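# Breakdown of the fold
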Amino acid sequence: MATQYRSDNGSVFRLIRNVVLLGIILFVVLIVGCSTTTRVDAGHVGIRVRLAGSDRGVQDTPVVTGWVIYNPISEQIVIFPTSVQNVIWSASQHEGRPVDESITFSSSEGVNVNADVGLSFHIDPALAPKLYGRFRENDMLALADGYVRNTVREAFNDVASKLPVQDVYGPLKSKMLNDVTQKCRDVLGKDGFVIDQLTLTGALRLPQNVADAINRAMEATQNAIQSENRVRQVKAEAEQAITKATGAAEAQRQEAEGHADALLINARAEAKANEIIRLSMTAAVLQYRSIEHWDGKLPTYNGGGALPMLTIDATKLGTGMDEAAREKRLAELLAEDAASDTRAKGAIAVPVVPAAPPPPEPAAPAAPPAPPKAARPGAK
């Protein structure tokens, strides 16, 4: 019975001892595991620093994100942020730190210009070990307020010292800011800084007398521009009035010329028509027309006797040319008139039909018998 009791106590003791040993082993493994592993979060890189050995110091190859195993006795893992950092150096207590951190630089005349500057940057992961090895600092805000701020201020002084204050304050401000940004990239990029954006977060602050002088100069420039615009407007209005008057005068001149041309054309047409009529009239035609309109009665005179039929003397017509020349000239005039009508209508020219020959001269009617001569009173 006693032997059985001692045997049971020994089993319990060994069980407890094994549990305690297992717990100690697990505790030691847990402690060792926690001290030899670390986690690199997103937006960060791990920098391995060897504390012993021939290659001690910062290692050139950064550790990527995730769990990392290292020897805490001879190694150290430094977590280095690579996400975008934003800093503002302002005179306002409501931006950045509650102290005046604004940047002051000088123009080519030596005028001090004060500005609020904003900077966005991040670290190139491949150059993070180099940056840490140079500054032994993984606090980005501390680096920004020290080394980075000094570099930005020097860049502003270097660029602005070549520009007059009126250009810094006026049209070349954007160019100055671009040049400062490029200079900062050239200097800070060698250490792994990547400048995302450099801005002026407010208006530039100048000495009051300088600001007043610049404002007066800008006002004078604006007044000059307005005066030039008024001159251009008056000149344009005058040119418009001249153009309008010239157009009206030209229209009246064209109208007068058109009226004169119309009168001239009518006069020429009438003269040509009269010439055609004159050349068309022959003694035979005139005699025919007189017979055509004769009512068959001979005219009488006061004594009661009848007058003979009137005859036309062809030599008195006054054409001044013989019969062949007259007919040729008449044909030419008629052809010209037909050609003018064809051009006016825009039609295809048609052959000119020669003028019909004048009607044959009718035979002279027999003269009526002469009335007997009346005896004069008192004749015997």
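So, here is what we can say about the structure in this document. As the structure is a computational prediction, the values presented were derived from the model and not from experiment.

### Some points on the pairing of strand E8 (residues 112–115)
Sheet topology places strand E7 (residues 103–106) next to E8; 4 bridges connect them, and they run antiparallel. Following the sheet pairing, Ile103 is matched in E8 by Ala115. Adjacent in sequence and paired antiparallel, E7 and E8 are bridged by 5 residues, among which Gly110 carries a positive phi angle near 90 degrees.

### What about the pairing of strand E6 (residues 85–89)?
Residues Gln85, Val87 and Trp89 point to one face of E6 and are all buried, whereas Asn86 and Ile88, pointing to the other face, are not buried. Relative to strand E9 (residues 117–123), E6 runs antiparallel, the two being bridged by 5 bridges. By the bridge assignment for E9, Trp89 is matched with Val117.

### Re helix H5 (residues 173–188)
For H5, which comprises 16 residues, the first-to-last C-alpha distance of 22 Å matches the rise-based estimate of 22 Å (1.5 Å per residue) to within 8%. Among all positions in H5, only Met176, Leu177, Val180, Thr181, Cys184 and Leu188 are buried. Buried residues of H5, viewed axially, fall in a sector of 135 degrees; they line one side. Looking at the buried residues of H5, the elements they touch are E7, helix H3 (140–160), helix H4 (165–169) and strand E10 (193–200).

### A closer look at the packing of aromatic side chains
One pass over the full model with this rule turns up 5 aromatic pairs. Ring geometry for Phe80 and Tyr132: centres 6.5 Å apart, planes at 85 degrees, overall edge-to-face. With Phe80 in strand E5 (residues 75–81) and Tyr132 in helix H2 (residues 128–135), the pair connects residues that are 52 residues apart, well separated along the chain. On the basis of relative accessibility, which here comes to 10%, the residue Tyr132 falls in the buried class. Note on Phe105 and Phe156: the rings are 5.0 Å apart at their centroids and 20 degrees apart in plane angle, and the pair reads as stacked. Here Phe105 is found in strand E7, whereas its partner Phe156 is found in helix H3, with 51 residues between them in sequence. Looking at Phe105, the relative accessible area reads 1%, which means it is buried. For Phe156, a relative accessible area of 0% gives the class buried. Pairwise contacts between aromatic rings join Phe121, Phe135, Tyr147 and Phe193 into one cluster.

### Looking at unusual backbone geometry
A positive phi angle, near 55 degrees, is found at Arg136, a position not held by glycine. Its place among the elements puts Arg136 in the loop between H2 and H3.

### What to know about the environment of Asp139
If you trace the backbone, Asp139 turns up in the loop between H2 and H3. Considered as a pair, Asp139 and Phe80 are 59 residues apart in the sequence and their alpha carbons are 7.9 Å apart.

### Quick word on a nonpolar patch on the surface
Nonpolar side chains collect at one region of the surface, where Val12, Ile16, Val20, Leu21 and Ile24 lie side by side and expose about 430 Å² of accessible area between them. Topologically, Ile16 is positioned in helix H1 (residues 2–36).

### Examining the packing of H3 against H5
Two numbers describe a pair of packed helices, the interaxial angle and the distance between the axes. The N-to-C vectors of H3 and H5 enclose an angle of 135 degrees; their axes lie 9 Å apart at closest approach. Taken as axis vectors, H3 and H5 run oblique relative to one another. Relative to H5, the crossing made by H3 is right-handed. Between H3, through Tyr147, Val148, Thr151, Val152, Ala155, Phe156, Asp158, Val159 and Ala160, and H5, the contact on the second element is made entirely by Met176, Leu177, Asp179, Val180, Lys183, Cys184, Val187 and Leu188. Partitioning the contact of H3 with H5 into residue classes produces 13 nonpolar, 1 polar and 3 charged.

Rules of the game
Residues numbered from 1 in each chain as written. Predicted model: local features only at pLDDT ≥ 70, side-chain atom pairs only at ≥ 80, totals over all residues. Heavy atoms only, no water. Pairing = 2+ DSSP bridges. Helix = DSSP H or I, 4+ residues; strand = E, 2+ residues; numbered from the N terminus. Buried < 20%, exposed > 50% of the residue type's maximum accessible area, 1.4 Å probe, protein only. Expected span 1.5 Å × (residues − 1). Arc of directions from axis to C-beta. Contact = heavy atoms within 4.5 Å. Phe/Tyr/Trp six-rings, centres within 6.5 Å; stacked < 30°, edge-to-face > 60°. Patch = residues over 30% accessible without salt bridge, like charges linked within 9 Å, V, L, I, M, F, W, Y side chains within 5 Å. Areas by Shrake-Rupley, 256 points an atom, 1.4 Å probe, with all protein chains shown as cover. Salt bridge = Lys/Arg side-chain N within 4 Å of Asp/Glu carboxyl O. Axes fitted to C-alpha atoms, helices over the stretch in contact; angles between N-to-C directions. Parallel < 35°, antiparallel > 145°, perpendicular 65-115°, else oblique. Left-handed = near helix turned anticlockwise from the far one by under 90°. Nonpolar A, V, L, I, M, F, W, Y, C, P; charged D, E, K, R; others polar.

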